[in-house]
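# Analysis of the macromolecular model
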Amino acid sequence: MAERRLLVLFGSQTGTAQDTAERVGREAKRRHLRCRVEALDSCDVANLIHEPLVVFVCATTGQGDPPDNMKMFWRFLFRKNLPAGSLCQLDYAVLGLGDSSYSKFNFVAKKLHKRLLQLGGNPLLPVALGDDQHDLGPDAVVDPWLVALWDKILALYPLPPGLEIISTDVCPPPTYTLHYLPEESAQPGRELPQAAAPGAAPCQLRPFAARLASNLRLTAQSHFQDVRLIEFDIAGSGITFSAGDVVMIQPQNSPEDVQQFCQLLCLEPHRRFVLEATEPGTSLPPLLPQPCTIQHLVTHYLDISCVPRRSFFELLAHFSTNELEREKLQEFSSAQGQEELYSYCNRPRRTTLEAMWDFPHATCAIPADYLLDLIPRIRPRAFSIASSMLAHPERMQILVAVVRYKTRLSKPRRGLCSTWLASLNPEQGDVRVPLWVKKGGMKFPADPATPVIMIGPGTGVAPFRAAIQERVALGRRGNCLFFGCRHKSKDFYFQMEWEELVTKGLLTLFTAFSRDQEEKVYVQHRIRENGRLVWELLSSGNAHIYLAG
């Protein structure tokens, strides 16, 4: 009998594709298949020729781009020298997650499916195209597609004699076992991110702990939005960046939320533990130190402020000792309960911590071993770099709008990273922020004679400030900026800087202050009014146009 093994590979940017891949993995184990779930870039692509059965779960990002954790795989798969029949032994299925409001809807999944076919792979099913825009989200496509997938797989790999599909009522084993260390081995002190190796550029696994140099509010106190100009000291980091590049920042949970979480689950923050994989071959989370404290795990790793996914309620249902609670949790994790779950979670943006308060019987019974299965890790946040190294050597600046809004819940919703950054005060000692730099999608012209037209309303002006500083330092003229905000007196970012450059003849500036007069005026009005100049720059000067919102 053929070996019953399945490999599930995912490319995920925000965690949704990973969550779905892990769901496929759980369902495979209920059908007694040996199953591994891995990020595409973590697997050795050359070994695909030895895999009999693979399910690919892929998100599409930006303008039809693959997620960061599948970029190496993507480059390898599209090499021209791969033989046409190299994957003829492979049975595969591709599940795509996308958003139909984008023109390149599920582009990565479609292109992957086509490429696997070219290489001789045998598709078990047509590619599935999950859509965020659907009333029930991607699950509207994923649920029926998975039913069809398991029918196909069980036809190829029937259950061994005497075995049945494990019921969904049976709680799956945890991915990791958490072993507490004896109290006397406790060592006080905070776990800092692992430093980058000498000469190596900082990255997600080894971020640079940058010192916070300044944190200034740019908007007037009377303005509805708090926007900050934050500066980091990156001396000695080995970090270099150009205009258009992006800084990734690893945020952390607030001390109040961490305290609440530990109290709810009766966890002792200062207890130290080590993790052990339940199954051989499962790698440990690379971003967690070993050993680790509960405090560090909850502060830096578990995303207790994210909106919980369906899988959270599915697992939580196993722990509740209360019948009513269990019924509600099971409803939220069923295909029929997705509309109800959307109203409870997604519409009001309820956090994982708040959901735990609503299910106290289940929450206080959660075994610590299941924390990493239940709650995803905190994802890094991307910010356009708002300064140039030519103007500010060894420094990096970002423009941060502090996210705060109301839903039907009484407590305002707050952005995890922007709220944390805004709370940091460089005058309170040595404040550090873990960060690394990624190449951005914006490339500014190498030819010094090429003019640039930049349209940057609000905080969208951030990458253009970096570009203008860089171009001015290199003596490049032809810088044209359209900037828009609500009020000249309240949220005109970098006003003095722009006006000085205009005076020196280094910048052409057009502003639109939408609320400073009765009729609203936006950047598009200013572009129309100055259509002749814009056309001249485009037709005669071969100008490049950049837009950031």
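Definitions and limits used
Residues numbered from 1 in each chain as written. Predicted model: local features only at pLDDT ≥ 70, side-chain atom pairs only at ≥ 80, totals over all residues. Heavy atoms only, no water. Salt bridge = Lys/Arg side-chain N within 4 Å of Asp/Glu carboxyl O. Buried < 20%, exposed > 50% of the residue type's maximum accessible area, 1.4 Å probe, protein only. Helix = DSSP H or I, 4+ residues; strand = E, 2+ residues; numbered from the N terminus. Polar contact = N/O pair within 3.5 Å; in protein donor to acceptor, adjacent residues only side chain to side chain. Contact = heavy atoms within 4.5 Å. UniProt positions renumbered as here; feature names shortened; annotations may be inferred. Phe/Tyr/Trp six-rings, centres within 6.5 Å; stacked < 30°, edge-to-face > 60°.

### Considering the pattern of salt bridges
- Enumeration over the complete set of coordinates arrives at 29 salt bridges.
- The residue Arg-217 makes a salt bridge to Asp-226 at a minimum N-O spacing of 3.9 Å.
- We classify Arg-217 as partly exposed; its relative accessible area is 27%.
- In this structure, Lys-504 and Glu-500 form a salt bridge, with 3.1 Å as the shortest nitrogen-oxygen distance.
- Residues joined by salt bridges that share partners form a network here, namely Arg-23, Glu-27, Asp-139, Asp-143 and Arg-310.

### Quick notes on the side chain of Gln-469
- Along the polypeptide, Gln-469 turns up in helix H14 (residues 462–473).
- Its relative accessible area of 10% is what places Gln-469 among the buried residues.
- Polar contacts involving the side chain of Gln-469 include one to the main-chain amide nitrogen of Ser-388, which spans 2.9 Å.
- Separated by 3.2 Å, the side chains of Gln-469 and Glu-497 make a polar contact.
- Not counting chain neighbours up to four residues away, the residues in contact with Gln-469 comprise Ser-387, Ser-388, Ala-391, His-392 and Glu-497.

### Structural notes on the UniProt feature "domain: Flavodoxin-like" (unreviewed entry) in the protein chain
- The UniProt record annotates "domain: Flavodoxin-like" (unreviewed entry) at residues 6–150.
- With 32% helix and 23% strand, residues 6–150 has end C-alpha atoms that lie 12 Å from one another.

### Some details on the packing of aromatic side chains
- This structure, assessed with the given rule, holds 16 aromatic pairs.
- Each ring, one from Phe-313 and one from Phe-332, has its centre 5.2 Å from the other, and the planes form 70°; the classification is edge-to-face. You can see Phe-313 sitting in helix H7 (residues 310–316) and its partner Phe-332 sitting in helix H8 (residues 323–332), a full 19 residues away along the chain.
- By relative accessible area, which is 2% here, Phe-332 ends up buried.
- Their ring planes at 70° and their centres at 6.4 Å tell us that Phe-313 and Phe-359 sit as a pair that is edge-to-face.

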